[in-house]
Amino acid sequence: MQKATARAHPNIAFIKYWGNRDDNLRLPSNPSLSMNLAGVYTQTTVEWTDDLTSDSLDINGEPAAEEARMRVSNHLDRVRSRLNMTTRARVQSENNFPMGAGIASSAAAFAALTVAAVAAADVQLSERELSTIARMGSGSASRSVPGGFVEWFAADTHEESYAQSFAAPDHWDLHDVIAVVSTEHKKTGSQAGHRTAFTSDLQPARVAGAQARFDVCRQALLDRDFSSLATVVEEDSNLMHAVMMTSRPPLFYWQPTSLEIMHLVPEWRREGLNVCYTLDAGPNVHCLCTADAAEEVRNRLQNLSEVGEVRMTSPGGAAEIIS
Ligand code: DP6
């Protein structure tokens, strides 16, 4: 078989990855923890072929921009080097969610690409190794290889920095209700952002406390303890944004509506709704909540005039080979 198709879900980090100890290998400065998102996915077909002299990439049926093609081709170089091959690949990738839906696409994209590229070469690698390879394409992609609730280890070596599942999707039916505040493409992406993380005086303090927050968050998830989860998730998101805002140059991802929701969510929690917020490198607000609160949270978000679309997702599975 020289052709394979794989599907991977994006993920939302509860404990954030921000800054690398090694930018080339994408060895993160701190461990992170996430949940895969069901219902949304990237599906990628990789065909290794002697007909091509360079890798080709189509996204949603259209030839991709050169920058995206190069990032994919560089990633395929890593796969080729691991599998001792020189063949070029035809890559076709589709997202079933729109760009700007408040969902990071690089995690699902590089997880699906890695799994499809290896399967198309008819090679079987462990989930752990697939996760390390995906990590080099996009850090958060390491977390989209395993399923459900996932931890990604910060380590000094390529082999040790992988992600693994610590609870299956059905362990806890948490929902991620995403308030889309802006669909504008962000000016500074994660790749450039990670490089400036250590220009903030606050980054060493954030990193120093990350393992402790990770431990609290992991335990809260295992215990299904929403109150403890909410406190640590919001604190970790705020810490990452404090680093972003104090980097050189500073990165301000929040919009006024993001902040409005960050004020409202803890009030809703005091009223008895199990909901907390977290934001990635963008203005859209991910409202994590228990299943019983999800409809109410969705309605409240939808009633805010500045909020566009509201998307609802639940815990998703591992990256998988479709054909
Ligand atoms: C803010 O994995 O998108 O979403 O490795 O450069 O592709 P690259 O970065 P990426 O960074 C994700 C950052 C984040 C937090 C997180 O998902 O942990």
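Starting from 1, residues in each chain are numbered consecutively following that chain's sequence as written. At least 70 in pLDDT is required for a residue's local features to be given in this predicted model, at least 80 for side-chain atom pairs to be given and counted, and no such filter applies to totals for whole chains, interfaces and linings, which use all residues. The basis for every side-chain value is the complete set of non-hydrogen atoms in the structure, without hydrogens or water.

Engineer: Hey, could you go over the domain arrangement of the chain for me, with residue numbers and the actual values?
Structural biologist: Domain segmentation is taken from an automatic or database assignment of domains. According to the domain assignment, the chain consists of domain 1 (3-170) and domain 2 (171-313). A separation of 23 Å is found between the C-alpha centroids of domain 1 and domain 2. Residues count as neighbours in contact if any of their non-hydrogen atoms are within 4.5 Å of one another. Each partner contributes to the interface: domain 1 provides 35 residues, whereas domain 2 provides 46 residues. When domain 1 packs against domain 2, close to 3,300 Å² is buried across both sides, 65% of that on carbon and sulfur atoms. Note on terms: buried area is the combined drop in 1.4 Å-probe accessible area of two parts once they are placed together, counting the loss on both. A per-residue breakdown of the area domain 1 buries against domain 2 is headed by F14, K16 and W18, which together make up 26% of the total. Basic side-chain nitrogens of Lys or Arg form a salt bridge, by our definition, when they fall within 4 Å of a carboxyl oxygen of Asp or Glu. Where domain 1 touches domain 2, the interface holds three salt bridges. Measuring nitrogen to oxygen at the nearest pair gives 2.8 Å for the salt bridge that ties R218 to E151. As used in this structure description, the phrase polar contact means that two N or O atoms lie within 3.5 Å; if the pair is within protein, one of them must be able to donate a hydrogen and the other to accept it, and residues adjacent in sequence are counted only when both atoms belong to side chains. Counting every contact that joins domain 1 to domain 2 gives twelve residue pairs in polar contact (both at pLDDT 80 or more). Every element with two or more residues in the side of domain 1 that touches domain 2 is listed here: β2 (11-15), β5 (32-36), β10 (149-152) and β11 (163-167). Helix numbering and strand numbering both begin at the N terminus, where a helix is a DSSP run of H or I of at least 4 residues and a strand a DSSP run of E of at least 2. Ranked by residue count, the leading element in the side of domain 1 that touches domain 2 is β2, at four residues.

Engineer: So, the sheet that holds β2: which residues are in play, and what are the values?
Structural biologist: A sheet is described by the order of its strands in space; here four strands give the open sequence β2-β5-β10-β11, paired in antiparallel fashion. Each of the sheet's edge strands pairs with one partner strand only, and the pair in question is β2 and β11. Here the average twist between neighbouring strands, direction ignored, is 35 degrees. Across four bridges, β5 lies against β10 in antiparallel orientation. Its bridge partner being in β10, S34 is matched across the sheet by V150. Whether two strands pair depends on DSSP finding at least two bridges between them. Helix axes are fitted only over the stretch in contact, all axes being lines through C-alpha atoms; the angle between N-to-C directions runs from 0 to 180 degrees.

Engineer: Kindly report on the site of the ligand, identifying the contributing residues and their values.
Structural biologist: Among the 17 residues in the neighbourhood of the ligand, the closest are listed as R26, S138, G139, S140 and R143. A distance of 2.8 Å separates an oxygen atom of the ligand from a polar atom in the side chain of R71. The contact in question runs from an oxygen atom of the ligand to an N or O atom on the side chain of S190, over 3.3 Å. If the ligand stood free it would expose 460 Å²; the protein chains cover 96% of that surface. In terms of residue count, the dominant contributor to the shell around the ligand is helix α4 (residues 190-196) (three residues). Here the shell around the ligand gathers at least three residues from each of two domains, domain 1 (3-170) and domain 2 (171-313). Nearness here has a simple test: a residue counts as near a molecule or strand if at least one of its heavy atoms is within 4 Å of that partner. The accessible surface values rely on the Shrake-Rupley method and a 1.4 Å probe; as for residues, cover is taken only from the protein chains in view.

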